[in-house]
Amino acid sequence: MSGSSPRLSPALNVVVGAVRKTGRRLLRDFTEVESLQVSMKGPGDFVSQADLRAEQSLREDLAKARPNFAFLMEESGEAGSADWEWRWVIDPLDGTTNFLHGIPHWAISVGIEKRVAEDKGEIVAGVIYNPVADELFWAEKGMGAFLNDKRLRVSGRREMRESLFATGIPFAATPRKAEFAHALVRLMPQVSGIRRFGSAALDLAWVAAGRYDGYWELGLKKWDMAAGIIMVREAGGIVTSPDGGDPYAEGHVVAGNQHMHGKLQDVVQESITAAAKGRAATE
């Protein structure tokens, strides 16, 4: 297939316009955050307001274009009809901690979900936009994945020793520390490197782009991964939960190219089993 992108569907076109508009606003706020770093008050309150304003902007633009779509949003939760057929799944600022510290690695993520059963939805399109780099990742079921107008493919690496993986590190009161530690101990001697850059959406987009060979994280929310899941799949990769199930339903994600996914999945599932045994032994 050529490097040029196909014509965006009307719904995806709406998302692209909305995230670019919100991205411009967040870039202005990001400039303010960098200056707030030196103040006594600190940037915390400012960032939370930036987050809320970004979500409100996205909600207004998307609702205007598709009034029958429901919403699932990080800040505001669910909105719209309980009998929705379609809904937007929105993280207005993925990588908030990076944003808070003036680190230019954060993104806006919007997935389009179609209900396929009473309690089950399928992500059929998604956009992940990094305003600082002006990188617009997008994918639609059956159409492929793209970065701006360039077709994306996952990496072709076959060997663990050549592979670079990404993850999210549990912090503070976050559970799953034992699972993470087990996986890290197993993987570190085998791989080229492990990165923790602080944005699940961009981690998945970078797997789709072949920058990472794999990614895993436990305990994600739907808005963290909605757009990223279809991005990886449409770029030729595999995304499952550690036990091979549905990551979107379970919140645990293992993503990778065709060669790395199974190897990474085995390590992550083994780490979950080992951590469970460890907890049982101390009870």
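Refer to the structure presented above.
Because the structure is predicted, anything quoted here is derived from the model rather than measured.

A. Just the sheet that holds strand β8 (residues 150-151), in detail. What the eight strands build is an open sheet, ordered β2-β1-β3-β4-β5-β6-β7-β8; its pairing is mixed. Of all strands in the sheet, those bounded by a partner on one side alone are β2 (77-79) and β8. Across six bridges, strand β5 (residues 120-130) lies against strand β6 (residues 135-140) in antiparallel orientation. The residue bridging N130 from the neighbouring strand is E135, located in β6. Against the sheet, helix α6 (residues 222-234) touches β1 (70-73), β3 (86-94), β4 (107-117), β5, β6, β7 (144-147) and β8, its axis set at about 90 degrees to β5.

B. Structural context of the environment of I90. In this structure, I90 sits in strand β3. Its relative accessible area of 0% is what places I90 among the buried residues. Between the alpha carbons of I90 and E55 there is a distance of 7.7 Å; along the sequence they are 35 residues apart. Setting aside its immediate chain neighbours within four residues, I90 contacts L58, L62, F71, L72, M73, E74, S109, V110 and W223.

C. Here's a closer look at the environment of H105. Mapped onto the secondary structure, H105 falls in the loop between α3 (96-100) and β4. Residues contacting H105, with those up to four places away along its chain left out, are G95, N98, F197, S199, L202 and W206.

D. Structural view of the environment of E32. Within the secondary structure, E32 sits in helix α1 (residues 10-36). Take E32: its relative accessible area is 41%, and that puts it in the partly exposed class. Residues E32 and V47 lie 15 residues apart in sequence; the distance between their C-alpha atoms is 9.5 Å.

E. Here's a closer look at helix α8 (residues 261-282). The terminal C-alpha atoms of α8 lie 32 Å apart, and with 22 residues this matches the ideal 32 Å at 1.5 Å per residue to within 8%. For α8, the set of buried residues is H261, L264, Q265, V267, V268, S271, I272 and A275. Down the axis of α8, the buried set is contained in an arc of 165 degrees. They therefore lie on one face. In α8, the exposed positions angled more than 90 degrees off the buried face are occupied by D266, K277 and A281.

F. Spatial organisation of the side chain of D224. For D224, the position within the fold is in helix α6. No salt bridge forms around the buried D224; measuring N to O, its nearest opposite-charge neighbour K221 is 7.3 Å away. Reaching out from D224, the side chain makes a polar contact with the backbone nitrogen of K221 at a distance of 2.8 Å. Setting aside chain neighbours within four positions, we find D224 in contact with D91, D94, A200 and A201.

Calculation criteria
- Residue positions are counted from 1 within each chain, in the order its sequence is given.
- Note on the predicted model: pLDDT of at least 70 is required for a residue's local features to be given, and 80 or more for side-chain atom pairs to be given and counted; whole-chain, interface and lining totals, by contrast, use all residues.
- Hydrogens and water molecules were not included; the side-chain quantities draw on all heavy atoms of the structure.
- Paired strands, as defined in this entry, are two strands with at least two bridges between them according to DSSP.
- Secondary structure elements follow DSSP: runs of H or I no shorter than four residues count as helices, runs of E no shorter than two count as strands, and numbering proceeds from the N terminus.
- Two residues qualify as a contact provided that any one of their heavy atoms is within 4.5 Å of a heavy atom in the partner residue.
- To define axes, lines are fitted to C-alpha atoms, for helices over the stretch in contact only, and angles between the resulting N-to-C directions are given on a 0 to 180 degree scale.
- Exposure is judged per residue with a 1.4 Å probe applied to protein chains only, and the accessible area is read against the type maximum: over 50% gives exposed, under 20% gives buried, and values in between give partly exposed.
- Working rule for helices: expected span equals 1.5 Å times residues minus one.
- Working definition: the arc comes from the directions between the helix axis and the C-beta atoms, pointing outward to the latter.
- Only four residue types enter the charge count, namely Lys and Arg as positive and Asp and Glu as negative; His and the chain termini do not.
- Think of a salt bridge as a Lys or Arg side-chain nitrogen and an Asp or Glu carboxyl oxygen that are within 4 Å of each other.
- Definition of a polar contact: a pair of N or O atoms within 3.5 Å, with one able to donate and the other able to accept a hydrogen when the atoms are protein atoms, and with sequence-neighbouring residues admitted only if both atoms are side-chain atoms.

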